[in-house]
Amino acid sequence: MAGVINSGSFSKALWPGINAWYGDAYDEWEVQHTALFDQFTSRRAFEEEVGKSGLGLLSVKPEGSAITYDTMMQGFTTRYTHTEYASGMIITKIAVEDDQYDVIGPARAKGLARAVRATMETVGANVYNRAFTSGYTGGDGSVLLGSSHSNAAGGTWSNIPTVAANLSEASLEQACIDIARFTDDRGNKIKVMPMSIHTAPENEFELNRILKSVGRVGTADNDGNMLKDMGKFPKGVFINYYFTSTTAWFIRTNVDNGMKHFVRSAPKFAEDNDFDTSNAKFKVEYRDSFGWTDPRALYGSAGV
């Protein structure tokens, strides 16, 4: 939708008798993307992050023999290229002057702010929505969540279950085991831990049953709920209303340099008047980028 907002756009606002206006003042969910990404400020057109491989295990050195020297190397490069987003509106002087309810003018700030919020949440959530989708790849040439992530030093690794699984006590326990088995680029053991779970509203009730029950879910056994007792997800549960899959679920880990949101320029609002028409112009624009560097920062399943 585009064009100038004139008296015809809000014809009912020119006459008395309207009890209420609705449609642009709904409650909004709390900010979602801050739970999905770590946020940083950028001062460049793009940001690049480069991996590096460490050293492998030491070799056995027979008596009197020379040392076998190892090497380190540059890993994969991830580039965050910032995108500019903008929108605005034009309102005629007549439409503002004849507005009997003061609904046209004040709508500018609130409407643009809501549009910014919805855009940022949608773009951020889409990194997760496309986590299993071919064509949306990271620095290692693989999708965010897959079974064939490459190591610069050779070999591959996975951050998804062997078989796609819906959210359940068993699938979360296996996820914790898989995460604990993560290794670095040279195959060395690293301490990776699950920190938070992220999923769509369709999984909210089941997820709370799994994590908040005193005992195991759906059994007559008197076993404890190990996920709860061991405090496996210390940063909690996050329901994201911008996720499109009703079955997918994601676990953020404690790996640094993982899911990132770079803000090049924060949303800026501006207004001006056109001299010839006296139309009022309002706009907002910002630049940012969402993505990931080290995919070990996330584990997930598309569900079935």
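About the thresholds
Residues numbered from 1 in each chain as written. Predicted model: local features only at pLDDT ≥ 70, side-chain atom pairs only at ≥ 80, totals over all residues. Heavy atoms only, no water. Helix = DSSP H or I, 4+ residues; strand = E, 2+ residues; numbered from the N terminus. Buried < 20%, exposed > 50% of the residue type's maximum accessible area, 1.4 Å probe, protein only. Areas by Shrake-Rupley, 256 points an atom, 1.4 Å probe, with all protein chains shown as cover. Pairing = 2+ DSSP bridges. Axes fitted to C-alpha atoms, helices over the stretch in contact; angles between N-to-C directions. Contact = heavy atoms within 4.5 Å. Expected span 1.5 Å × (residues − 1). Core = buried A, V, L, I, M, F, W, Y, C linked by side-chain atoms within 4.5 Å. Salt bridge = Lys/Arg side-chain N within 4 Å of Asp/Glu carboxyl O. pLDDT = per-residue confidence, 0-100. Polar contact = N/O pair within 3.5 Å; in protein donor to acceptor, adjacent residues only side chain to side chain.

J.: Describe the overall build of the protein chain, naming the residues involved and giving the relevant values.
T.: Regarding its fold elements, the protein chain presents 6 helices and 13 strands. Across the 304 residues of the protein chain, 35% fall into the buried class. Element-wise, carbon and sulfur atoms account for 53% of the exposed surface of the protein chain, whose accessible area totals about 17800 Å².

J.: Before we move on, could you go through the sheet that holds strand β8 (residues 194-199) and cite the residues and values that matter?
T.: With mixed pairing, the 4 strands of this open sheet are ordered in space as β9-β8-β10-β13. Strands at the two margins of the open sheet, each flanked by one partner only, are β9 (236-239) and β13 (298-301). Here the strands of the sheet are splayed against their neighbours by 20° on average, with no regard to which way each runs. Here β8 pairs with β9 via 4 bridges, running parallel. Directly across from H198, in β9, lies its bridge partner F238. Contacts between helix α4 (residues 169-180) and the sheet are confined to β8, β10 (249-253) and β13, with β10 contributing the most and set at about 35° to the helix.

J.: Lay out α4 with the relevant residues and their values.
T.: The end-to-end C-alpha separation of α4 is 17 Å, in line with the 16 Å expected for 12 residues at 1.5 Å each. Among all positions in α4, only E169, S171, L172, A175, C176 and I179 are buried. Lining the buried residues of α4 we find β8, α5 (204-212), α6 (226-229), β10 and β13.

J.: Outline the nonpolar core, supporting the account with residue identities and numerical values.
T.: One recurring pattern in soluble globular proteins is that nonpolar side chains are buried together. The biggest cluster of nonpolar side chains holds 26 residues, and the ones touching the most others in it are V127, Y128, L144, F250 and M259. Where this core is concerned, the elements lending two or more residues are β5 (83-91), α3 (107-129) and β12 (280-292). Ignoring any residue separated from it by four or fewer positions in sequence, one finds Y128 in contact with L36, F37, F243, F250, R252, M259 and L298. L167, A175, I179 and I251 belong to the second largest nonpolar core, which has 19 residues in total.

J.: Can you lay out the pattern of salt bridges for me, pointing to particular residues and giving the numbers?
T.: Under the definition given, this model contains 11 salt bridges. Residues R252 and D38 are paired through a salt bridge, measuring 3.4 Å at the closest nitrogen-oxygen approach. With R252 in strand β10 and D38 in strand β2 (residues 38-41), this pair connects stretches of sequence that are 214 residues apart. Close ionic contact of R216 with D223 constitutes a salt bridge, the shortest N to O distance being 3.8 Å. Note on R216: relative accessible area 33%, which makes it partly exposed. Via salt bridges that share partners, E169, R216 and D223 belong to a single interconnected network.

J.: Break down unusual backbone geometry for me, with residues and values.
T.: Even without being a glycine, N257 presents a positive backbone phi close to 55°. Examined against the element boundaries, N257 turns out to sit in the loop between β10 and β11 (259-273). A positive phi angle, near 65°, is found at S278, a position not held by glycine. As for its position among the elements, S278 is in the loop between β11 and β12.

J.: Give a description of the environment of A153 that names residues and reports values.
T.: For A153, the position within the fold is in the loop between β6 (149-150) and β7 (156-157). By relative accessible area, A153 is classed as partly exposed at 35%. With 101 residues separating them in the primary sequence, A153 and K52 have C-alpha atoms 9.3 Å apart. If we ignore the near neighbours within four places in the chain, the residues touching A153 are M73, D185 and R186.

J.: Which residues make up the confidence of the model for the protein chain, and what values go with them?
T.: Per-residue pLDDT for the protein chain averages 89, and the proportion of residues at 70 or more is 88%. Within the model, the stretch residues 19-23 combines pLDDT values under 50 with 5 contacts to residues more than four positions away or in other chains.

J.: Before we move on, can you summarise the side chain of Q32 with the specific residues and values?
T.: Here Q32 lies in the loop between β1 (4-5) and α1 (33-36). For Q32, a relative accessible area of 4% translates into the label buried. Here the side chain of Q32 touches E30 through a polar contact of 3.1 Å, landing on its backbone oxygen. Other than its neighbours up to four places away in sequence, Q32 contacts E121, I239, N240, Y241 and Y242.

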